[in-house]
Amino acid sequence: MPLKFELCPGRMVGGAHPCFIIAEIGQNHQGDVEIAKKMIKMAKDCGADCAKFQKSELEHKFNKLALERPYNSKHSWGKTYGDHKRHLEFSHQQYRELQKYAEEVGIFFTASGMDEMAVEFLQELNVPFFKVGSGDTNNFPYLAKTAQKGRPMVVSSGMQSMETMRRVYNTVKEHNPNFCILQCTSAYPLDPENVNLRVISEYQKEFPDIPIGYSGHESGISITVAAVALGAKVVERHVTLDKTWKGSDHEASLEPAELAELVRSIRLVEASLGSGVKTMLPCEKACHDKLGKSVVARVHVPSGAVLTLDMLVVKVAEPRGVPPEDIFQLVGKKVLEELEEDQSITPDLVDGYGKRAKC
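Residues numbered from 1 in each chain as written. Predicted model: local features only at pLDDT ≥ 70, side-chain atom pairs only at ≥ 80, totals over all residues. Heavy atoms only, no water.

## Here we look at the overall build of the protein
Stage number 1. The number of helices and strands found in the protein is 13 helices and 12 strands.
Stage number 2. Since a compact globule built from 359 residues should have a radius of gyration of about 21 Å, the 30 Å found for the protein marks it as more spread out than a globular shape.
Stage number 3. For the protein, the C-alpha atoms occupy an extent of roughly 100 × 40 × 40 Å along the three principal directions.
Stage number 4. Intrachain contacts of the protein at a sequence separation of at least 6 include 64% that bridge at least 24 residues.
Stage number 5. When the accessible surface of the protein is totalled, it reaches about 17,300 Å², and 52% of it is carbon and sulfur.
Stage number 6. Of the side-chain charges in the protein, 44 are positive and 48 negative, and the distance between the mean point of each set is 2 Å. (Helix = DSSP H or I, 4+ residues; strand = E, 2+ residues; numbered from the N terminus. Rg over C-alpha atoms; globule rule 2.2 N^0.38 Å. Contact = heavy atoms within 4.5 Å. Areas by Shrake-Rupley, 256 points an atom, 1.4 Å probe, with all protein chains shown as cover. Lys, Arg positive; Asp, Glu negative; His and termini not counted. Charge placed at Lys NZ, Arg CZ, Asp CG, Glu CD.)

Below is the structure:
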């Protein structure tokens, strides 16, 4: 069984624990704290476990030229990329306000630390776990410093190779055993043929002592539900209040009705996975009682005769007799009483057959 650990206070992930569902608000709040609060409440109402944002200290994430470059996209909130990002970036005080609101609503709150200084702030904020976005997954100094802080970690793996992910695993594991890796493809929106859900199984083989999850950017919910069926223990999906809003992430995000249906579907799939032990279940008894078959006499069989296979046939019969899977055990055994054609062969009629009929 994969490693399980406490990702948030009182909330375990891995093993047989329910999939942890992260509603990635990111920067879909349009730079408006009140919209951000509505999204936190929406995530809670839809059944998500965690509302997550993206925190950057812009001068530490971008160099000066990157911030000064013109940004003429239809999604732009400013003339330069720096102006655009500043519009979307909440202050430390605003983060504290959002964290307090999430606590009041009753949902876990965290953020991706998009640079080392952002991680320092999130450490100060006392978030339950750090999320490592795909853009920092191969940033090994960042990974080591974040892991050394001792908080649980959720690490996305977009744009990476398996060789890099082995290094990521070893880097984090050296300092922190409580982390999971999410299969992710960094495209917005993501076409189904590029999702590569089979990587989940490969990660489970490569890293058998940590939970594996999925971060999706595709349209709809079906693929994410399939990821849970494949064993994803943490899933993350971007959410929005309106897919038509300005911003490149909205198109690849789930609106409230979709998020609620995703949560419902995940819980339904989890319930359907069962124990993995194959046996006849109590719910099948009615069908078995009505349609379950037994061994009957194909022909008249005299008392004392030795049964051969051509004397036997399988039918739905009354009373219930020897189950079909034991038909070969009857061959070569002597009948203790005369059997009429089409008569059920019950265990007490055959010498040396001690198995009772199924009920």
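## Side note on the state of the cysteines
Stage number 1. Inspection of the entire model under this criterion finds zero disulfides.
Stage number 2. Cys 180 provides the cysteine sulfur closest to Cys 19, a residue in no disulfide bond, and the two sulfurs are 9.7 Å apart. (Disulfide = S-S within 2.5 Å.)

## What to know about the pairing of strand S1 (residues 5-8)
Stage number 1. Summarising the sheet, S1 and strand S2 (residues 11-13) pair through three bridges and their orientation is antiparallel. Opposite Cys 8, over in S2, you have Arg 11 as the bridge partner.
Stage number 2. Turn length for the S1-S2 hairpin, with the two strands adjacent in sequence and antiparallel, is two residues, and the turn residue Gly 10 shows positive phi of about 80°. (Pairing = 2+ DSSP bridges.)

## Some remarks on the packing of aromatic side chains
Stage number 1. This structure, assessed with the given rule, holds 12 aromatic pairs.
Stage number 2. Judged by centre distance (5.8 Å) and plane angle (40°), the ring pair of Tyr 203 and Phe 207 falls under tilted.
Stage number 3. Phe 207 gets classed as buried once you look at its relative accessible area, which sits at 2%.
Stage number 4. Over the ring of Trp 77 we find Lys 246, and its NZ or CZ is 4.4 Å from the ring centre. (Phe/Tyr/Trp six-rings, centres within 6.5 Å; stacked < 30°, edge-to-face > 60°. Buried < 20%, exposed > 50% of the residue type's maximum accessible area, 1.4 Å probe, protein only. Lys NZ or Arg CZ within 6 Å of the ring centre and 35° of its normal.)

## Some words on the pattern of salt bridges
Stage number 1. Taken as a whole and assessed by the stated rule, the structure comprises 24 salt bridges.
Stage number 2. Residues joined in a network through salt bridges with shared partners are Arg 11, Asp 49, Arg 267 and Glu 270. (Salt bridge = Lys/Arg side-chain N within 4 Å of Asp/Glu carboxyl O.)

## Side note on a nonpolar patch on the surface
Stage number 1. Taken together, the side chains of Leu 309, Phe 328 and Val 331 present a nonpolar region at the surface, about 290 Å² in accessible area.
Stage number 2. As for its placement among the helices and strands, Phe 328 is situated in helix H13 (residues 327-330).
Stage number 3. Looking at Phe 328, the relative accessible area reads 61%, which means it is exposed. (Patch = residues over 30% accessible without salt bridge, like charges linked within 9 Å, V, L, I, M, F, W, Y side chains within 5 Å.)

## Quick word on the environment of Ser 248
Stage number 1. Mapped onto the elements of the fold, Ser 248 is located in the loop between strand S10 (234-238) and helix H11 (256-273).
Stage number 2. Judged by relative accessible area, which is 44%, Ser 248 ranks as partly exposed.
Stage number 3. The spacing of Ser 248 and Tyr 188 is 60 residues in sequence and 7.5 Å in space, taken between C-alpha atoms.
Stage number 4. Dropping the residues within four chain positions of it, Ser 248 is found in contact with His 75 and Tyr 188.

## Observations concerning the environment of Phe 179
Stage number 1. Among the structural elements, Phe 179 can be located in strand S8 (residues 179-184).
Stage number 2. Residue classification places Phe 179 among the buried residues on the basis of a relative accessible area of 0%.
Stage number 3. Separated by 89 residues in the primary sequence, Phe 179 and Phe 90 have C-alpha atoms spaced 27 Å apart.
Stage number 4. What Phe 179 contacts, discounting residues up to four positions off in sequence, is Phe 5, Met 153, Tyr 169, Val 172, Lys 173, Ile 210 and Pro 211.

## Considerations on the side chain of Thr 137
Stage number 1. Topologically, Thr 137 is positioned in the loop between strand S6 (130-132) and helix H7 (140-148).
Stage number 2. On the accessibility criterion, Thr 137 (0% relative accessible area) is buried.
Stage number 3. Within polar-contact distance, the side chain of Thr 137 engages the backbone oxygen of Ser 156 at 2.5 Å.
Stage number 4. Apart from the residues lying within four places of it in its own chain, the contact partners of Thr 137 are Val 132, Leu 143, Val 155, Ser 156, Ser 157, Gln 160, Met 165 and Val 168. (Polar contact = N/O pair within 3.5 Å; in protein donor to acceptor, adjacent residues only side chain to side chain.)

## Here we look at the packing of helix H1 (residues 33-46) against helix H5 (residues 92-105)
Stage number 1. Where H1 meets H5, the axes come as close as 10 Å, and the angle between the chain directions of the two elements is 30°. Taken as axis vectors, H1 and H5 run roughly parallel relative to one another. The hand of the H1/H5 crossing is right-handed. Two secondary-structure elements touch here, H1 through Val 33, Glu 34, Ala 36, Lys 37, Ile 40, Lys 41 and Lys 44 and H5 through Gln 94, Glu 97, Leu 98, Tyr 101, Ala 102 and Val 105. (Axes fitted to C-alpha atoms, helices over the stretch in contact; angles between N-to-C directions. Parallel < 35°, antiparallel > 145°, perpendicular 65-115°, else oblique. Left-handed = near helix turned anticlockwise from the far one by under 90°.)

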